[in-house]
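# Structural overview for review
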Amino acid sequence: MKILTVNENESGQRLLKLLTKYLDKAPKSFLYKMLRKKNITLNQKKADGSEQLRVGDEIRLFLSEETIESFSSPRIEAPLPFSYPKPEIIYEDRHVLLLNKPAGVLSQKAGPGDISLVEHLISYLLESGQLSPGDLRSFRPGICSRLDRNTSGLVAAGKSLAGLQELNNLIRTRSLGKYYRCIALGSLKEARRIEGWLWKNEKTNQVNIYPKERKDSLYICTEYLPLSSLALGQTACTYLEIRLVTGRSHQIRAHLASLGHPILGDRKYGNREINRYAQKQFGLEFQLLHACRLEFPELSGTLEELSGRKFTAPLPPLFKKILN
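Residues numbered from 1 in each chain as written. Predicted model: local features only at pLDDT ≥ 70, side-chain atom pairs only at ≥ 80, totals over all residues. Heavy atoms only, no water.

## Concerning the pairing of strand β8 (residues 152-158)
To keep it simple, the criterion reads: Per-residue accessibility, obtained with a 1.4 Å probe over protein chains only, is compared with the maximum for each type, and a residue is labelled buried under 20%, exposed over 50%, and partly exposed between these values. We count a stretch as a helix when DSSP gives it H or I for four or more residues in a row; a strand needs E for two or more, and each element gets its number in order from the N terminus. DSSP calls a pair of strands paired once it identifies at least 2 bridges connecting them.
Burial of β8 is extensive: seven of the seven residues sit out of reach of the surface. Taken together, the six bridges between strand β6 (residues 96-101) and β8 define a ladder with antiparallel strand orientation. Looking at the pairing, Leu-99 lines up with Val-155 of β8. Strand direction decides the pairing type here: strand β7 (residues 142-143) and β8, joined by two bridges, are antiparallel. Within β8, the position partnered with Gly-142 by the bridge is Gly-158. Here two bridges tie β8 to strand β14 (residues 289-295), and the two strands are oriented parallel to one another. Bridging across to β14, Gly-153 finds its partner in Ala-291.

Next comes the structure, spelled out in C-alpha cells:
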C-alpha cells in the first residue's frame, strides 16, 4: 500500500486528474476499476474520481510497488549536466523564478534527448532541495514566457502550481510587460506601433506577415522605440527597444523584417550579406535579440511580491561588444 498526501501543488484538481499524473501509463479504465473496487480510496472512503482535492487529503493506493512502478514514467532524480553557461537567476520566491537564458539554449525540449531550460529548472530545484523526485509524479514546474533558442534574456518560470497558473494568466491577458533589445538594419528615427497578421508554416517553422487577415493567421502588434543610431561597416543600423504587445512565434524577427529592417544576425529572416560581415567581424552566429525587461502590474495574492516591480537582464557580452 502507498499513501499520498495532497499538497498545495496538487490541491484544487479532481482526484482522477491527479491519478492520471501519478500513474501516467495506466489507462483510465484501470483507474476507474481500482476506484470501484476500493483499491484506491480518498480519506479512507470509496471515491469515483470526480472529488475535488484539498491540501491534506489522503489517497491510499492498495497496489503493489511493482504495479505502481509499471504504470509510472521514469522521472528526473538528479541534477542534469548543462553544456551551455547556466542561466543566471534574476529573481526567486516561493512561487516564481526569473532566469536570464543564454542564447543557444532551448526553452523547452524539441526532441527526447534535449536538455532545455525546463530540465535546468527542475535540476536546480532538486539540487536545492525545493523539489523531490516524488513531487515530479504529480507536478512539474514549467516555463511561462518562452524564447526562441537563439534569443537570450528573461524567462519567467512557475515553481508552484499557483505560480504557474498566475503567470500564465498574466501572459494570456497581456498584463505582463515584455521588452526586448535588438539591432535592426536601416535607419529608424521615430517610435512606432505596428500591426499585422502572422501566418506560420508548421513544416518549415517559418512565418509570414500580412497587412490584412487571411485564413489561419493571427493578429500581431509590436511597438518599437529607437535608442541610438550606429553603423556596421557601410550599413546604417538602429539600436531598438521593442515592446511585445502580442506574443506570437518569431513575431519580432518577422515583423521587423517585413518592414525592411531585419534583426542583425537573423539567419531565417535577415540579410545574408550583412550577417556574413557580422560573423566575420564579431563571430555573431545568431540573431541579436535580447529579452531585457519584464514589468509586472499591480498584483495581490500569489504574486503579490512581484506587484508593480520591474526586472532587467543585462545585455550579453557579444551584444555589448557589437553595440560599442
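Next, the rest of the story.
## Notes on the packing of helix α1 (residues 15-22) against helix α2 (residues 28-36)
Put simply, the rule reads: Fitting a line to C-alpha atoms yields each axis, with helices limited to the stretch in contact; the angle taken between N-to-C directions then spans 0 to 180 degrees. By definition in this entry, angles of less than 35 degrees are roughly parallel, angles greater than 145 are roughly antiparallel, angles of 65 to 115 are roughly perpendicular, and the rest are oblique. In this scheme the handedness of a crossing depends on how the near helix is turned from the far one: anticlockwise by less than a right angle means left-handed, clockwise means right-handed. Here a residue-residue contact requires only that any non-hydrogen atoms of the pair lie within 4.5 Å. Residues were grouped as follows: Ala, Val, Leu, Ile, Met, Phe, Trp, Tyr, Cys and Pro as nonpolar; Asp, Glu, Lys and Arg as charged; and all remaining residues, including Gly, as polar.
At their nearest, the axes of α1 and α2 sit 11 Å apart, and the two run at 120 degrees to each other. Taken together, the axis directions place α1 and α2 in an arrangement best described as oblique. Crossing geometry of α1 relative to α2 is assigned as right-handed. Side by side, α1 and α2 meet where Leu-15, Leu-16, Leu-19 and Thr-20 of the first sit next to Lys-28, Leu-31, Tyr-32 and Leu-35 of the second. For the contact of α1 with α2, a count of residues per class yields six nonpolar, one polar and one charged.

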